[in-house]
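Structural characterization, general
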Amino acid sequence: MSSIPHDHAAAHGEGPDGHAHHPTGIMRWITTTNHKDIGTMYLWFSFTMFIVGGCMALTIRAELFQPGLQVVNPEFFNSMTTLHGLIMVFGALMPGAVGFANWMIPMQIGAPDMAFARMNNWSFWLLPPAAILLVGSLFVPGGAAAAGWTMYPPLTIQAGMGMDFTIFAVHIMGASSIMGSINIITTILNLRAPGMTLMKMPLFCWTWLITAYLLIAVMPVLAGAVTMLLTDRHFGTTFFNAAGGGDPVLFQHVFWFFGHPEVYIIILPAFGIVSEIIPTFSRKPLFGYASMVYAVAAIAILSFIVWAHHMFTTGLPTAGILFYMYATMLIAIPTGVKVFNWLATMWKGSLTFEAPMLFAIGFLFLFTLGGFTGLVCAIQPIDVQIQDTYYVVAHFHYVMVAGTLFAFFGGTYYWLPKWCGRMYDAKLAEAHFWLSFVFFNVTFFPMHFLGLAGMPRRVPDYAQQFADWNMVASIGSFGFGFTQLLFFYIVVKAIRSGAKAPAKPWEGATTLEWTVPSPAPYHTFETPPFVK
Amino acid sequence: MDTTTPPKPDDARRQRSANLRTALVFASIAVVFFVGIITTKWMGGPTIGIGVMGVAVLVFLVFAIGRNVRK
């Protein structure tokens, strides 16, 4: 892709740091409507929540280090598993993806900012109160919600005040996500630079466009589900209360109608990031661009018709089981197209293995492994054996952590020079990758064995036969957790004292954001570029 | 478009209206889904409710993506 370049700093009367005409200090961050500022806040918020959720994960693994230990009491353990899931999904992964979207989408399509700049500010500032509600629920009478992140009734109908905090937090985060999605769709559909047709957009923008459609379709459904839960708890309705003629399984249907597309909401932006990194460090255009776009759309559409594979043990009719089983397996086809195209992009490319590429390849390898175990779970006769075991925990952590989180790390190393104008310590970043890769596998690979041997998830203690692999997993988890402090150090060191980054630090990069100086000026593309 | 010519005020107004139209369409979809899921549950028939919602989502996605790809 080529474009007519444009001297942004000079055009907008900005100083050499690219900052002008905006408040300074704390007010800059509270009142900002600039997509780069808001993207930065999303990313820091996501990292903060990642650390909070990570501490909860370490509490879980400390409790499970040996059978018979009681580091925390069982009720608190249940709260930890619940909050860890909610915080990682709604507080870390989704805001992280929105942070990347805020920073990169306007710059990649040649737009001056997001379409609704004030709403963008509001979308972000809804998140901290929601996070406070979630974490604060630990301190209310009865403790935090402890029924798992899926919030299944009837347990959640009987739970204490912490559940109400959780429901309100989900409402707020849902509203934030819907506003963010509307903003992203409007920006992409209406603010693309002249010549930037939809099929010329970088794949990251495509994945986010489709993700935003998914979000608008499913977040209101989750909001509806938790609203019904709330009215069951406090206003005498019986949507999910069997005692009043309701149906608890109904909640599972509604929840997973949201919950399965949610998996793709989290992974599709990661696909987009990886689709930017691999061509850059292969020094080749992305193989099969159009098929990648159609594959993402196919994954999104299929994600709506597979939700009940999470419910194979609830007594579905045989026809339903067969439908959901085969529909789930169908997702492997577009996903396979994507994996094939990433490999074909690398094939005969001039590969170099900088940190972003290492994370992208790590993503490719481990996400594919997670995908394969997903296929195993999709086979209903097997699923009834491994439902609610550690096999499932291993599967979704290979998708969520080695998939999305690795892509986020790769994306951060890829775009950090553009964000802060400084290079990071490449050796440390490579060390971060290798430590993360090894410790991740030490943590989660043994969980496949534990699950196949029958260890149930969400239990604070277990039989002696599971002791060895649990100890290995716990050691790995602490290694993985502490490795992420290295990531924090690398980023802060780069921001404070990294070597100055050129406008285009990666010779294979071709998208529009690399035509502006590093760091990106506060305002970019106020006069739209022309994309050839 | 000539890259040296900044957008005219008329263009900016048109742009804002187009943005607002797009946003309202998507906001209304979100509201329909939120109210719809509760209403279908309230009126009973979980299978029918979920089925209708599922078909609505599919038709919406096919229409929305297809319409934009053609551009």
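Being a predicted model, the structure only gives us computed values, none of them experimental.

1. Overview of the overall build of chain B
The helix and strand tally for chain B stands at two helices and zero strands. Surface summary for chain B: the accessible area is close to 4,700 Å², and the carbon and sulfur share equals 71%.

2. Here's the deal with the overall build of chain A
Helix and strand counts for chain A stand at 18 helices and zero strands. For a compact globule of 532 residues, the expected C-alpha radius of gyration is about 24 Å, and chain A comes in at 23 Å, within 12% of that figure. Across its three principal directions, the C-alpha atoms of chain A cover 70 × 50 × 45 Å. The buried share of chain A, reckoned over its 532 residues, is 63%. Excluding contacts between residues fewer than 6 apart, the proportion of contacts in chain A whose partners are at least 24 apart in sequence is 82%. Carbon and sulfur atoms form 70% of the exposed surface of chain A, whose accessible area is close to 18,500 Å².

3. Describing the pattern of salt bridges
It is possible for side chains bearing opposite charge to pair when their charged atoms get close. Residues and elements named next belong to chain A. Under the definition given, this model contains seven salt bridges over all chains. Residue E507 pairs with R283 through a salt bridge whose shortest N-O separation is 2.8 Å. With E507 in the segment after α18 (467-497) and R283 in the loop between α10 (248-282) and α11 (289-302), this residue pair connects regions lying 224 residues apart in the sequence. Here K493 and D425 are joined by a salt bridge, their closest N and O atoms 3.0 Å apart. With K493 in helix α18 and D425 in the loop between α16 (390-420) and α17 (426-452), this residue pair connects regions lying 68 residues apart in the sequence. Here K493 falls in the partly exposed class, since its relative accessible area comes to 29%. Residue class for D425 comes out partly exposed when judged on its relative accessible area of 27%.

4. Section: helix α3 (residues 35-63) of chain A
Residues and elements named next belong to chain A. For α3, with 29 residues, the first-to-last C-alpha span of 42 Å sits near the 42 Å given by 1.5 Å per residue. Counted residue by residue, α3 has 22 buried out of 29 residues, so it is predominantly covered. Measuring from the backbone nitrogen of K36 back to the side-chain oxygen at the start of α3 gives 2.7 Å, which picks out N34 as the cap.

5. Brief notes about the interface of chain A and chain B
Listed as interface residues are 40 residues of chain A and, on the opposing side, 33 residues of chain B. Summed over both partners, the interface of chain A with chain B buries about 3,200 Å², with 83% contributed by carbon and sulfur atoms. A per-residue breakdown of the area chain A buries against chain B is headed by N190, Y213 and I301 of chain A, which together make up 16% of the total. Our count for the contact surface shared by chain A and chain B stands at zero salt bridges. At the junction of chain A with chain B, the criterion picks out four residue pairs in polar contact (both at pLDDT 80 or more).

6. Focus: a nonpolar patch on the surface
Together, I26, M27, I30 and W125 of chain A line one region of the surface with nonpolar side chains, adding up to about 380 Å² of accessible area. Mapped onto the secondary structure, M27 of chain A falls in helix α2 (residues 26-31).

7. Brief notes about the nonpolar core
The tendency in soluble globular proteins is for nonpolar side chains to be buried as a group. Residue and element names in this part refer to chain A. Formed by 196 residues in total, the largest nonpolar core has its most connected members in F90, W208, W342, F363 and F406. In terms of residues, this core owes the most to one element, helix α9 (residues 203-234), which gives 22 residues. Residues within four places of F90 in sequence aside, it is in contact with P95, W149, M173, M219, L222 and F258.

8. A few points about the environment of D232 of chain A
All names here are of chain A. On the secondary structure map, D232 appears in helix α9. Relative accessible area serves as the criterion here: at 8%, D232 is assigned to the buried category. Between the C-alpha atoms of D232 and A426, which are 194 residues apart in sequence, the distance is 54 Å. If we ignore the near neighbours within four places in the chain, the residues touching D232 are I157, T237, T238, F239, F240 and N241. One polar contact links the side chain of D232 to the main-chain amide nitrogen of T238, over a distance of 3.3 Å.

9. Topic: the confidence of the model for chain A
In the predicted model, chain A carries a mean pLDDT of 93, and the fraction of residues at 70 or more is 96%. Confidence drops under a pLDDT of 50 for residues 9-13 of chain A, and excluding neighbours within four residues, the segment shows nine contacts in the predicted structure.

About the criteria used
Residues numbered from 1 in each chain as written. Chains lettered and ligands numbered in written order. Predicted model: local features only at pLDDT ≥ 70, side-chain atom pairs only at ≥ 80, totals over all residues. Heavy atoms only, no water. Helix = DSSP H or I, 4+ residues; strand = E, 2+ residues; numbered from the N terminus. Areas by Shrake-Rupley, 256 points an atom, 1.4 Å probe, with all protein chains shown as cover. Rg over C-alpha atoms; globule rule 2.2 N^0.38 Å. Buried < 20%, exposed > 50% of the residue type's maximum accessible area, 1.4 Å probe, protein only. Contact = heavy atoms within 4.5 Å. Salt bridge = Lys/Arg side-chain N within 4 Å of Asp/Glu carboxyl O. Expected span 1.5 Å × (residues − 1). Polar contact = N/O pair within 3.5 Å; in protein donor to acceptor, adjacent residues only side chain to side chain. Buried area = accessible area lost by both parts, 1.4 Å probe. Patch = residues over 30% accessible without salt bridge, like charges linked within 9 Å, V, L, I, M, F, W, Y side chains within 5 Å. Core = buried A, V, L, I, M, F, W, Y, C linked by side-chain atoms within 4.5 Å. pLDDT = per-residue confidence, 0-100.

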